[in-house]
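# What the coordinates show
As a plain string of letters, each chain reads:
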Amino acid sequence: MVDGRVRAHYCRRIRRGYTHLLEVVMKVTRGLLPMLALLAAAPLVAQSAGTIEVGAFGRFTKYDTDLNFDDRVGLGGRLGIFVLRNLALEG
């Protein structure tokens, strides 16, 4: 028959090993998933000359109270024109 202290000792060792295994898997996953996403992305096709792109964006900045700045909202936009197949001007 196995002593309760011996069983508790082995249970702790198994839990420690399992926790370590989970940590290793999480570290590998954090590094591997972004790389796989980059490699799996389909090649992008360049836009044809004369194509126009329009975009808008918004921003909210919340400052720390120690800085004595008011929180701010910002809005903006962008315009892009493909001059050549692989050359765009943006502003």
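What counts and how
- Numbering of residues begins from 1 in every chain and follows the order in which that chain's sequence is written.
- Totals for whole chains, interfaces and linings use every residue, but because this is a predicted model, local features are given only for residues with pLDDT of at least 70 and side-chain atom pairs only at 80 or more, for both listing and counting.
- Each side-chain value is worked out from all heavy atoms of the structure, with water and hydrogens disregarded.
- The numbering of helices and of strands both runs from the N terminus, where a helix is a DSSP run of H or I of at least 4 residues and a strand a run of E of at least 2.
- Here a residue-residue contact requires only that any non-hydrogen atoms of the pair lie within 4.5 Å.
- Shrake-Rupley sampling with a 1.4 Å probe provides the accessible areas, and residues are treated as covered by the protein chains on show and by no other component.
- Two aromatic rings, drawn from Phe, Tyr or Trp (for Trp, its six-membered ring), form a pair once their centres lie within 6.5 Å of each other, and the interplanar angle then sorts them: stacked below 30 degrees, edge-to-face above 60, tilted otherwise.
- We call a residue buried when its accessible area falls under 20% of the maximum for its residue type, exposed when it is over 50%, and partly exposed in between, using a 1.4 Å probe and counting protein chains only.
- Whether two strands pair depends on DSSP finding at least two bridges between them.
- Only the stretch in contact is used when a helix axis is fitted, and all axes are lines through C-alpha atoms; the angle between N-to-C directions ranges over 0 to 180 degrees.

As a further point, take the overall build of the protein chain. Each helix and strand in the protein chain was counted, giving one helix and three strands. Ordered by position from N to C terminus, the α and β elements of the protein chain give α-β-β-β. Counting only contacts in the protein chain whose residues sit at least 6 apart along the sequence, the fraction spanning at least 24 positions is 38%. Within the structure as shown, the protein chain displays about 8500 Å² of accessible surface, and the carbon and sulfur contribution to it stands at 64%.

This paragraph deals with the packing of aromatic side chains. Within this structure, the stated rule accounts for one aromatic pair. Measuring from ring centre to ring centre gives 5.2 Å for Tyr-63 and Phe-69, while their planes differ by 70 degrees; the resulting arrangement is edge-to-face. What makes Tyr-63 partly exposed here is its relative accessible area of 33%.

A word on the sheet that holds strand 3 (residues 87-90). Across the sheet, three strands lie side by side as 1-2-3; this open sheet has antiparallel pairing. In this open sheet, the two edge strands, each paired with only one partner strand, are strand 1 (52-61) and strand 3. Direction aside, the axes of adjacent strands within the sheet are offset by 25 degrees on average. Pairing of strand 1 with strand 2 (residues 72-84), which is carried by ten bridges, proceeds in the antiparallel orientation.

Here strand 2 pairs with strand 3 via four bridges, running antiparallel. Bridged to Leu-84 within strand 3 is Leu-87. Where strand 2 hands over to strand 3, the hairpin turn is made up of two residues, counted between the paired strands.

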